[in-house]
Amino acid sequence: MKQVTQMLGAVALALAAHGAQAALPIAQWNHSSGARVYLVSSPAIPMLDVSVDVDAGSRRDPATQAGLARATASMLDKGVQAAAGQPALDENALAEAWLDIGAQFGANASSDRMSFSLRTLTDPALLERAVALAARQMAQPAFPAEVWARERERSLAALREAETRPGTHAGRAYAAAVYQGHPYGAQTTAQTLQAIGVNDMAGFYRQHVMACGARISMVGAIDRATADRIADRLLAAIAPNGCRSLAPVPEVAPLAAAKDERIPFAAAQAQVLLGQPGVKRDDPDFLTLLVGNHILGAGGFTSRLMDEVREKRGLTYGVYSSFSPGRHAGPFTVSLTTRPDQAEAALALSREVVTRFVAEGPTEAELQAAKDALIKGFALRLDSNRKLLDNVANIAWNDLPQDYLDTWTTKVAAVSVDDIRRAFQRVLAPQRMVSVIVGGKAP
């Protein structure tokens, strides 16, 4: 462990220097299993970050078991079964095994995908052990019933605590209204958690965690041959799950009309949400919308919403807008908190700002300021192995061009006022948005 600690210290110093480097070329090839492999070889840092992404996100949850994908991912570090002459490991023994290697492995599920992540030093002995343990964890998850009973109680307690916050109720009402029954809007409840058992998790894992549709992204001090060997080992772990076509998930339907939700709630602050379905991640106007939204509500104190709603009227401490795209249309959302007696006024003003921005677009001065901020901040998106991996995995999962990072600043610099106005008018319809206020009072 002393050697591992010393090497990690050296890595921390190397990462600081790495942050100043430009994006590195991305190699891509197809694995014999049908998976796609992406590699950024970065020899300056003796570290490797790996992401394995599969189509096993919460959009695949059965309607009566919302939360199944996330529960399954959360149980993957709770033990492995005995196999090939190796003894079973409970959660404590598994944690000790990773600590002994000085590496990290985890799993999580988002709306679209389940992701396995490995971080290890590239010392050959440590790398071999880390990949072997990661493969074993992916191949033989135990899903122990007694551990799930404990974890489910923790989740139920967290849900009960969340019920005390207005933001919880606002988020639920907003998702239901925006998504109109689409899986993106499904909410984990006490009922759906109680309906999930360990057999359901094991079945979900076998059904959805497949090698043939996987994306493997790697960033670190390895070459193509080593990357191939790692991909072989990790994909072999899930190959026994088979390869099958999953049922298509429908697209998110556009809103036909505005919908307003007002939910009473005793709280010092009201939660306000305004929005609609936005775009998919592979939308050709994604970067144009990113630049425009920086001006509208993502640019902090320089944004239109912050200027109008906070600085000029003092209706909130902060107001923000965001696009959250996925494989289907994720939401465009304006969010803020305010005094209950100011909620309606803050909502009306936010809607007015959005409507005006959609109709007119930004000024040339606003656009230039946004470009300067985004381009100058681009290096911060790549200033660690982990951030670079996240970007490569984003390219892999969304089938973006391999030169996406290399052309990002050029494409941002080329966005015009007309581009933003056209894109926002195509995507947003302020007259048909959902608005939700939880805890507000009538003016």
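Residues numbered from 1 in each chain as written. Predicted model: local features only at pLDDT ≥ 70, side-chain atom pairs only at ≥ 80, totals over all residues. Heavy atoms only, no water.

A.B. asks: Is there a simple way to explain the side chain of His208 in this structure?
C.D. replies: Along the chain, the position of His208 falls in helix H8 (residues 198-208). With a relative accessible area of 10%, His208 lands in the buried category. Once you skip the residues sitting within four places of it in the chain, His208 turns out to touch Val54, Asp55, Ala56, Arg60 and Leu246. (Helix = DSSP H or I, 4+ residues; strand = E, 2+ residues; numbered from the N terminus. Buried < 20%, exposed > 50% of the residue type's maximum accessible area, 1.4 Å probe, protein only. Contact = heavy atoms within 4.5 Å.)

A.B. asks: I'm lost on the side chain of Gln65 in this one. Help?
C.D. replies: Residue position: Gln65 is located in the loop between strand S3 (47-54) and helix H2 (68-74). The class of Gln65 is buried, set by a relative accessible area of 12%.

A.B. asks: In this structure, what is going on with the pairing of strand S13 (residues 434-438)? I would like to understand it.
C.D. replies: Each regular strand displays side chains that alternate between the two surfaces of the sheet. The buried fraction of S13 amounts to 5 of the 5 residues, a majority that puts the element mostly inside the structure. By the bridge criterion, 5 bridges tie strand S9 (residues 259-263) to S13 in an arrangement that is parallel. Each residue of the ladder has a partner; that of Asp260, found in S13, is Ser435. One ladder, built from 5 bridges, connects strand S10 (residues 270-277) with S13; its direction is antiparallel. Paired with Val272 across the bridge in S13 is Ile437. (Pairing = 2+ DSSP bridges.)

A.B. asks: What is the right way to look at the UniProt feature "domain: Peptidase M16 N-terminal" (unreviewed entry) in the chain in this model?
C.D. replies: Under the present numbering, the feature "domain: Peptidase M16 N-terminal" (unreviewed entry) in UniProt falls on residues 37-188. This span, residues 37-188, is 43% helix and 20% strand, and a straight line between its end C-alpha atoms measures 33 Å. (UniProt positions renumbered as here; feature names shortened; annotations may be inferred.)

A.B. asks: Any chance you could explain unusual backbone geometry here in plain terms?
C.D. replies: Note on backbone geometry: most residues besides glycine have negative phi, and most peptide bonds are trans. Positive phi values are uncommon outside glycine, yet Phe143 reaches one of about 50 degrees. Mapped onto the secondary structure, Phe143 falls in the loop between helix H4 (124-139) and helix H5 (145-162). A positive phi is found at Gln180, a non-glycine position, where the angle reads about 50 degrees. By the element assignment, Gln180 lies in the loop between helix H6 (166-179) and helix H7 (190-194). Judged by relative accessible area, Gln180 falls into the partly exposed class, the value being 45%.

A.B. asks: Would you take a moment to explain the layout of surface pockets for this structure?
C.D. replies: To find leftover empty space, one rolls a probe the size of a water molecule over the atoms. Counted as a void, the largest pocket has a volume near 530 Å³. Contributing to the lining of the largest pocket are 26 residues, with Arg113, Arg281, Pro325, Asn394 and Asn398 lying nearest its centre. Counting only elements with at least two residues in the lining of the largest pocket, the list comes to helix H10 (286-298), helix H14 (385-397) and helix H15 (404-414). The greatest single-element share of the lining of the largest pocket, amounting to 5 residues, is contributed by H14. Each pocket or cavity is described by its volume, and for the second largest pocket that value is around 420 Å³. Lining the second largest pocket are 22 residues, and of these Ser58, Arg70, Ala186, Gln187 and Thr188 sit closest to its centre. (1 Å grid on protein atoms, 1.4 Å probe; cavity = no way out; pocket = protein on both sides within 12 Å on 5 of 7 lines; lining within 4 Å. Points joined across faces, edges and corners; volume = space filled by probe spheres on them.)

A.B. asks: Just checking my understanding: could you explain the pairing of strand S8 (residues 215-220) for this structure?
C.D. replies: When you tally the buried positions in S8, you get 6 out of 6 residues, the bulk of the element. Sheet topology places S3 next to S8; 6 bridges connect them, and they run antiparallel. Looking at the pairing, Leu48 lines up with Gly220 of S8.

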